[in-house]
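# Working through the structure, step by step
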Amino acid sequence: MEDQIKINLNGSIFFIKKGTHLSEILSEAQLSDKPILFRSEGQLLDLSYPADRDLEISPVYAGDPAALEVLRHSAAHLLAHAVTDLFPGVQVGIGPAIENGFFYDFLRDTPFTPEDLEAIEKRMREIVSLNQPIKRLVLSKEEAIKIFRERGQTLKIELIEEKGGDQVSCYQQGDFIDFCLGPHLPSTGYIQHFKLLSVSGAYWKGDERGPQLQRIYGTAFFSQKDLDDYLNFLEEAKKRDHRRLGQDLDLYGTSEDLGAGLVIWHPRGAIIRHLIESFWKEEHLKDGYDFIYSPHIAKLDLWKRSGHTEFYDAMFPALDFEGFKYQLKPMNCPFHIIAYKSRQRSYRELPLRWAELGTVYRYERSGVLHGLCRVRGFTQDDAHIFCRGDQLEEEIKRVIRLAIKLLGAFGFKEYGVYLATRPEKYVGRLEDWNRAEKALEEALKHSGLPYQIDEGEGVFYGPKIDIKIKDAIGRLWQCTTVQLDFNLAERFDLTYVGEDGNFHRPFLIHRALLGSMERFFGVLIEHYKGNFPLWLAPVQMIFLPIADRHEACARELAEKFRAEGFRVQVDDSREKVNKKIREAETLKIPLMAIIGDKEVSSGKLSLRVHGQGDRGQFEVVELIARMKEIVNNKSLEIIL
RNA sequence: GCCAGCGUAGCUCAGCCGGUAGAGCAGCUGAUUUGUAAUCAGCGGGUCGGGGGUUCGAAUCCCUUCGCUGGCUCCA
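Residues numbered from 1 in each chain as written. Chains lettered and ligands numbered in written order. Predicted model: local features only at pLDDT ≥ 70, side-chain atom pairs only at ≥ 80, totals over all residues. Heavy atoms only, no water.

### Quick notes on the overall build of chain A
Heads up, the rule is: Helix and strand assignments come from DSSP, with helices taken as H or I runs of at least 4 residues and strands as E runs of at least 2, each series counted from the N terminus. Accessible area is worked out with a 1.4 Å probe on protein chains only. A residue is then buried under 20% of its type maximum, exposed over 50%, and partly exposed in between. Residues are treated as being in contact if the distance between any of their heavy atoms lies within 4.5 Å. Calculation of accessible area relied on Shrake-Rupley with a 1.4 Å probe; when residues are assessed, cover is drawn exclusively from the protein chains displayed. In this tally, Asp and Glu contribute negative charge and Lys and Arg positive charge; neither His nor the terminal groups of the chain are included. Where a charge lies is defined by one atom per residue type: Lys uses NZ, Arg uses CZ, Asp uses CG and Glu uses CD.
Secondary structure summary: chain A contains 18 helices and 33 strands in total. Each principal axis of the C-alpha distribution contributes one length, and for chain A these read about 95 × 75 × 55 Å. Taken over 640 residues, chain A has a buried fraction of 52%. Relative to all contacts within chain A whose residues are 6 or more apart in sequence, the contacts with residues 24 or more apart total 68%. By element, 48% of the accessible surface of chain A is carried by carbon and sulfur atoms, the whole surface being about 30,800 Å². Each charge class in chain A can be summarised by its mean position, and for the 86 positive and 97 negative side chains these summaries are 3 Å apart.

Structure follows, in structure tokens:
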């Protein structure tokens, strides 16, 4: 019985011969459906996993989220299989499952074209229809290297030599073999619902000095419906694209004449920014902040002292005049620090909370620029908090509370929260790090938000909390960041006089809640799909006179609403009312008032609500009251 | 910065195996005075991103530069 392995499948015991596949038990096991994988001690195993020891296993079916990753990984192999079939001589790199699908990297002289992608996808489907078994092979390192040498796959050999132990696992389907940990689906026939999406460049092992590979992206699901849903999601995301809507709604613009990554806020976008900033300022004042204004340039020496010239690689080149070098600011911190140091500080005046909508300039590499999300000139909703150690936790709690309050007002209710702790290379005292990390974590616990700890992922100068917001279609966007900074406190020798009459080093918290006005605006556009809530809508209400004779009445009414503080317009173009409605709907103006004979004589309004159609007649006074309520509550919907 | 792709009227796009630019919308003018998503007609508008080259001739081919897009890398 020595070569018998005991398999415990959900309590049922089976004995199989050592080295045979786990799937051997399936013929005897009474399972309602055939599993695609097994799970043992949290690890997924192939059906063809050779029984090498006694195991407790449970079946894994298609609905399992972990199985989806395996499906995609197998789909990546399928892709590489098809590519090596169609393009002999291509070197394969790596091909993992990723968040929304999978990719595979290839080394090939000529780039893949869209037609190539179609052909590859076709070949993939052929391989699927062959339903080739996907076999796990355990080989000696030498054997494996020999196999890949015969196939001319030198990148694979490099990987095996780097990662493989004495024994390496490979997976084979048909005549395609890949070095891979697995696990994989039982056969290619399981990969039914997939699609190749795009090609792009990628560096071998992510090193930009290394060879440039071609990466093919695709996605795969267990059902056609899931695949369709995902493709629809991509379509929906495209419709919400802030670059598209920014153009259509005339919110902002860019121009070759300005340069890459520089944005002009057009009036319709600028009014939204103004409203956001006013709200932001109000809430900061309520939360005990003071405001700061600082210039856009400062002597280069300031940035030398702060360490930015040394550590920060996104600075614009310095300007040179009157015998000094000046630097366009990439950050606001040094200015706030200079203000702090303008006189001696006492423990009594801490904490100091200084906020600034500070515009900074960063020389981002041209390839990373993206709409409003990644630009070269942007305004951070910045603040620096100088506090004592005993105030740290309370201050961080306040910051998180304020962040959630602000973000919540825009309708963001779900967050991804991350605490990044001390990395290997760091500055500052260990005890300060520990104290700060504890304060950050305590504040998170207190907030009740679920969070995740990114061990060792903090910046060299301090631990931090990042908060990402989930938008209307479930995407996460980085906004809030709360960072301790031991570097600047040290470099600028920040002090306060304590109760004991001695100098002490204050803690410096650097934080931005919305992140930057530009990125946040981009996220908002996509979150709302351009349908800004009434309090933010550039034009809240438009009056649409039916004929010339109704224009005077429309103007008079518009004036009434304007006097009440609403942003209103009159469409006096010589168009039919249908056309005017269409225009207003296209511009996503929340409220439309149609003014014709009936309204002129009754003094009432015929109201149409964007996305809701005709809502009938309203008394002016009542409507104004209701609109004020909606604006004051920052309601996302217009419910009349 | 790197790989790939793109850049034609204000906008969306057609034209691109070389023969010297077109549509819809927008704009302007006129007619129409109209009740909940496009009234009709006419007109104007482009050094085809910029520069250079090949050619008798370039929007079309080549080089270069700027900008944009998808990624890599990085990040608010």
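### Here's the deal with the pattern of salt bridges
Rules: A pair is scored as a salt bridge if a Lys or Arg side-chain nitrogen falls within 4 Å of a carboxyl oxygen belonging to Asp or Glu.
Taken as a whole and judged by the stated rule, the model has 51 salt bridges. Here Arg243 ties to Asp241 by a salt bridge, and the two come within 2.4 Å at their closest N and O atoms. Across the pair Glu518 and Arg273 runs a salt bridge whose closest N-O atoms are separated by 3.6 Å. Pair noted here: Glu518 is in helix α14 (residues 517-528) and Arg273 is in helix α7 (residues 267-286), with a separation of 245 residues, a long-range link. Each member of the pair, Glu518 as well as Arg273, carries the same accessibility label: buried.

### Remarks on the sheet that holds strand β18 (residues 319-321)
Applied cut-off: By this definition, two strands are paired if DSSP reports at least two bridges between them. Comment: axis = line fitted to C-alpha atoms, over the contacting stretch for helices; angle = value between 0 and 180 degrees taken between N-to-C directions.
An order of β17-β19-β18 is seen for the three strands of this open sheet, with the pairing classed as antiparallel. Among the strands making up the open sheet, the edge pair consists of β17 (297-299) and β18. The average undirected angle you get between the axes of adjacent strands in this sheet is 35°. Strand direction decides the pairing type here: β17 and strand β19 (residues 324-328), joined by three bridges, are antiparallel.

### Focus on the domain arrangement of chain A
Put simply, the test is: Domain delimitation follows an automatic or database domain assignment. Put simply, buried area is the surface a 1.4 Å probe can reach on two separate parts but cannot reach once they are joined, added for both. Contacts described as polar in this section are N or O atom pairs within 3.5 Å, which, within protein, must combine one atom able to donate a hydrogen with one able to accept it, while residues neighboring in sequence count only if both atoms come from side chains. Classes in brief: Ala, Val, Leu, Ile, Met, Phe, Trp, Tyr, Cys and Pro nonpolar; Asp, Glu, Lys and Arg charged; the others, Gly included, polar.
As assigned here, chain A comprises domain 1 (4-60), domain 2 (68-240), domain 3 (272-293 + 332-528), domain 4 (295-327) and domain 5 (541-632). The straight-line distance from the C-alpha centre of domain 2 to that of domain 3 is 41 Å. Of all residues in domain 2, the largest losses of buried area upon contact with domain 3 belong to Glu208, Phe233 and Arg240, amounting jointly to 85% of the total for that side. Counting across the domain 2 and domain 3 interface gives zero salt bridges. Where domain 2 packs against domain 3, one counts two residue pairs in polar contact (both at pLDDT 80 or more). For the side of domain 2 that touches domain 3, the class distribution of residues is two nonpolar, no polar and three charged.

### Some thoughts on the pairing of strand β10 (residues 167-173)
Summarising burial for β10: six of the seven residues are buried, a large majority. Bridge count between strand β9 (residues 135-140) and β10: six bridges; the pairing is antiparallel. Looking at the pairing, Val138 lines up with Ser169 of β10. Relative to strand β11 (residues 176-179), β10 is paired through four bridges, and the arrangement is antiparallel. Considered in β11, the bridge of Gln173 is made with Phe176. Hairpin connection between β10 and β11: a loop of two residues separates the two successive antiparallel strands, and Gly174 in this loop has a positive phi of roughly 60°.

### Some points on the side chain of Thr84
Inspection of the secondary structure assignment puts Thr84 in helix α1 (residues 65-86). Within the local environment of Thr84, its side chain forms a polar contact with the backbone oxygen of His81, the two atoms lying 2.9 Å apart.

### Quick notes on the nonpolar core
This is how it is decided: Throughout this description, the term nonpolar core refers to a set of buried Ala, Val, Leu, Ile, Met, Phe, Trp, Tyr and Cys residues connected via side-chain atoms within 4.5 Å.
In terms of nonpolar packing, the biggest core is built from 89 residues, with Met541, Phe543 and Phe561 touching the most fellow members. Apart from the residues lying within four places of it in its own chain, the contact partners of Phe561 are Met541, Phe543, Phe566, Val568, Leu605, Val620, Leu623, Ile624 and Met627. Ranked by size, the runner-up nonpolar core spans 33 residues in total, among them Ile36, Leu44, Ala75 and Leu117.

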